[in-house]
Amino acid sequence: MKTFALTRASDPAQAIATAAKAKTAQQGAEIRFIGGGTTLIDLMKLNVEQPQTLIDINRLPLDKIDMLPDGGLTIGAVVRNSDLAHHPIVRKSYAVLSEALLSGATVQLRNMATTGGNLLQRTRCMYFRETNMPCNKREPGSGCAAITGANRNLAILGTSEHCIATNPSDMNVAMAALEATIHVRGPKGERSIPIADFHVLPGNTPQRETVLEPGDLITHVTLPPPAPGSRSLYLKLRDRTSYEFALASAAVVITIASGKITRARIALGGVGTKPWRSTEAEGELTGQPATQAVFRKAADAALRGAKPQSQNGFKVELAKRCLVHALKLATQTS
Amino acid sequence: MSDCDQPSQTSGADAASEFGKSTRRSFLSRIGMASLVAATGPAVTTLAKSPEKEEKAAVADIKNTVPVALRVNGKKYDLRIDPRTTLLDALREHLHLTGSKKGCDHGQCGACTVHINGRRVNSCLSFAAMHEGEEITTIEGIGQPENLHAMQAAFLANDAYQCGYCTSGQIMSAVALLKEPCGADDAEVKEFMSGNICRCGAYPNIVAAIQSVRKNAEAKKTA
């Protein structure tokens, strides 16, 4: 591991001013905020990340979960995954988020990992993590070893000829279905970014994963009030029962009234280069009865643009069945 | 322990000598003389004659060290460490609390599990310097051979290990689990323990040990 200067931020303004001096907030940033460290320290040990300065933000007053006046929820950036997953309001009104968080990692990691950090969780693509291999995300222009290599776990949606790395987060998938807003404070002030616009597709610049600029500090995430009468659920399919990344997952938030689906929010995990909101699936569901045939049509629509690689063709059907089953479970008793 | 807030003179001296020892250790390994410790007694004795000088040399030799005050098992330690030092390495290499083990060093195996402010974490995935002022508990703080924690006794009674390398991490997770929202059945225990890998495969006995402690606690509550 390359050495670094470790500083502790006493207030957000100071942390932002320090971080604003970096050339980038993306891959290879020379100044990084550190929260739980579960991704960053792992990658520093692999020399994939080599920051010269770390700003410890764990003691900033960003650790609260509060109900908003409109009935929504605000979640501080350093709220730990465990605290968010077990929070009574989250369990009751945002079940999909609690389930997604609890399906990821282990108790130890969830006790460390933060909300802001999870939004920035890095891919598990093994070529990204191995510095001896080409990887356009880690080293732009070096090529993508995954496209011709071991790509069973990698993405089928949102890929480019330069990168097929999967976004590994479960939390992000639930946040996408809940239409979360990411609140960022930067050198130029505060701004709010809908989660759909927060992560960017790899395209020609896979080293760029989010819209964050140097000095941008995620301060909190807000969730809109739960849709009246809605039910939500997260279903994750993987190689092991526990402590494994998704091969395919589905977050659904659905409302049924008078036998018809009146509102649906659908996001997929394990298959996309970013948390994969599917407005196509939502369109197929809205106004229709909650039947297997309708669910299947929605799943077909969600995966229509899928571009499988040599080893992950199975993910197309797996993701469809995952979504169909999630919809079935979510609508079973309503 | 009684010396939590105001370390007595004895414990202060202990901490100081612990620090001296650790510096010597890292000093020796840095100049490639680690093997001398085992091989030649006199060389060590000679070096040990001027610990202060050594300490200064060692600290000057490592650029960019940071002062860190850690509270571990109720005792305060003042260290000067490289910021890259993980909490696990600080515990093992500087404080000589070698009960916490290094398995994968990437947060995947759970052998390094310790408690910070009562919550279990992977100490290999955290820098020691980020934990000033927090209450760190290692397996050494959970129980001693003559005064075992109920979970340690249950691991013995249930033969919940083979080689023992993962055991301290398993026990640290199991002790934390007692206070977590973990359901009653075995499947739930397995899910909550999935961050601790046992390559000997002692899982059934680990689950049995945890369940026996939980059942005893329940029985005591209802009695």
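Residues numbered from 1 in each chain as written. Chains lettered and ligands numbered in written order. Predicted model: local features only at pLDDT ≥ 70, side-chain atom pairs only at ≥ 80, totals over all residues.

### Some points on the overall build of chain B
Scanning chain B from terminus to terminus reveals 10 helices and 5 strands. Considering only contacts within chain B whose residues lie at least 6 apart along the sequence, 59% involve residues at least 24 apart. (Helix = DSSP H or I, 4+ residues; strand = E, 2+ residues; numbered from the N terminus. Contact = placed C-beta atoms within 7 Å.)

### Here's the deal with the pairing of strand β4 (residues 119–122) of chain B
All names here are of chain B. When strand β3 (residues 113–116) meets β4, the two strands line up antiparallel, connected through 4 bridges. Residue pairing across strands places V114 opposite V121, the latter belonging to β4. Counting the residues in the hairpin turn of β3 and β4 gives 2 residues, including N117, whose phi is positive at 50 degrees. (Pairing = 2+ DSSP bridges.)

### Overview of the interface of chain B and chain A
On the side of chain A, 20 residues touch chain B, which itself brings 25 residues to the contact. At the level of secondary structure, the elements contributing two or more residues to the side of chain B that touches chain A comprise β4 and α9 (186–192) of chain B.

### Some details on the sheet that holds strand β8 (residues 217–223) of chain A
Residues and elements named next belong to chain A. Strand order in the open sheet formed by 5 strands is β4-β5-β8-β6-β7, with antiparallel pairing between adjacent strands. Two strands in the sheet have a free side with no partner beyond their single neighbour: β4 (65–67) and β7 (189–194). Geometrically, the sheet is characterised by an average inter-axis angle of 20 degrees between neighbouring strands, direction not taken into account. Bridge count between β4 and strand β5 (residues 73–76): 3 bridges; the pairing is antiparallel. In the strand pairing of β5, I65 is matched with I75. Where helix α1 (residues 12–19) meets the sheet, it contacts β6 (181–186) and β8, and its direction lies at approximately 120 degrees from that of β8. (Axes fitted to C-alpha atoms, helices over the stretch in contact; angles between N-to-C directions.)

### Overview of the domain arrangement of chain B
Residues and elements named next belong to chain B. According to the domain assignment, chain B consists of domain 1 (9–142) and domain 2 (150–222). With 15 residues of domain 1 in contact, the opposing surface of domain 2 contributes 13 residues. At the level of elements, β3, β4 and α6 (139–142) are the ones that each hand at least two residues to the side of domain 1 that touches domain 2. Per-element accounting of the side of domain 1 that touches domain 2 gives the leading share, 3 residues, to β3. (Domains from an automatic or database assignment.)

### Concerning helix α7 (residues 150–157) of chain B
Residue and element names in this part refer to chain B. If you check which residues of α7 are buried, you get M151, Q152, A154 and F155. Looking straight down α7, one finds that the buried residues subtend no more than 160 degrees of arc, so they occupy a single side. Buried residues along α7 sit against α6, α8 (167–177) and α10 (203–222). With its phi angle positive at about 55 degrees, D159 sits one or two positions after the end of α7. (Buried ≥ 20, exposed ≤ 12 C-beta atoms within 10 Å, placed from the backbone. Arc of directions from axis to C-beta.)

### Observations regarding the packing of helix α12 (residues 292–302) of chain A against helix α13 (residues 314–331) of chain A
Residues and elements named next belong to chain A. The geometry of α12 relative to α13 is characterised by a closest axis approach of 9 Å and an angle of 140 degrees between their N-to-C directions. Between α12 and α13, the angle falls in the class oblique. The way α12 lies across α13 gives a crossing that is right-handed. Across the interface between the two elements, F295, R296, A298, A299, D300 and A302 of α12 pack against K320, L323, V324, L327 and K328 of α13. (Parallel < 35°, antiparallel > 145°, perpendicular 65-115°, else oblique. Left-handed = near helix turned anticlockwise from the far one by under 90°.)

### What about the environment of R277 of chain A?
Residue and element names in this part refer to chain A. One can find R277 in strand β12 (residues 276–277). Residues R277 and V324, spaced 47 residues apart in sequence, show a C-alpha to C-alpha distance of 15 Å. The contacts of R277, once residues within four sequence positions are left out, are A176, A196 and A267.

### Here's the deal with the sheet that holds strand β3 (residues 53–56) of chain A
Residues and elements named next belong to chain A. Spatial strand order, β1-β3-β2: 3 strands in an open sheet with parallel pairing. Across the chains shown, the open sheet's two edge strands, defined by having one partner strand only, are β1 (5–8) and β2 (31–34). Across this sheet, the average inter-strand angle for adjacent strands is 25 degrees, counted without regard to direction. Along the sheet, α1 makes contact with β1, β2 and β3, crossing β2 at roughly 150 degrees.

### Here we look at the environment of A227 of chain A
All names here are of chain A. With respect to the helices and strands, A227 occurs in the loop between β8 and β9 (230–237). When the 18 C-beta atoms within 10 Å are taken as the criterion, A227 is described as partly exposed. Discounting residues that sit within four places of it in the chain, A227 has contacts with V253, T255 and R263.

### Looking at unusual backbone geometry
One non-glycine residue, A105 of chain A, adopts positive backbone phi at about 55 degrees. As for its placement among the helices and strands, A105 of chain A is situated in the loop between α5 (95–103) and α6 (107–112). A count of 29 C-beta atoms within 10 Å places A105 of chain A in the buried class. The backbone phi angle of D105 of chain B is positive, close to 65 degrees, even though this residue is not glycine.

### Side note on the environment of A257 of chain A
Residue and element names in this part refer to chain A. Take A257: it is sitting in strand β10 (residues 248–257). Considering only alpha carbons, one finds A257 and G149, 108 residues apart in sequence, at a separation of 48 Å. Contacts of A257, omitting those with residues within four sequence positions, involve G229 and T262.

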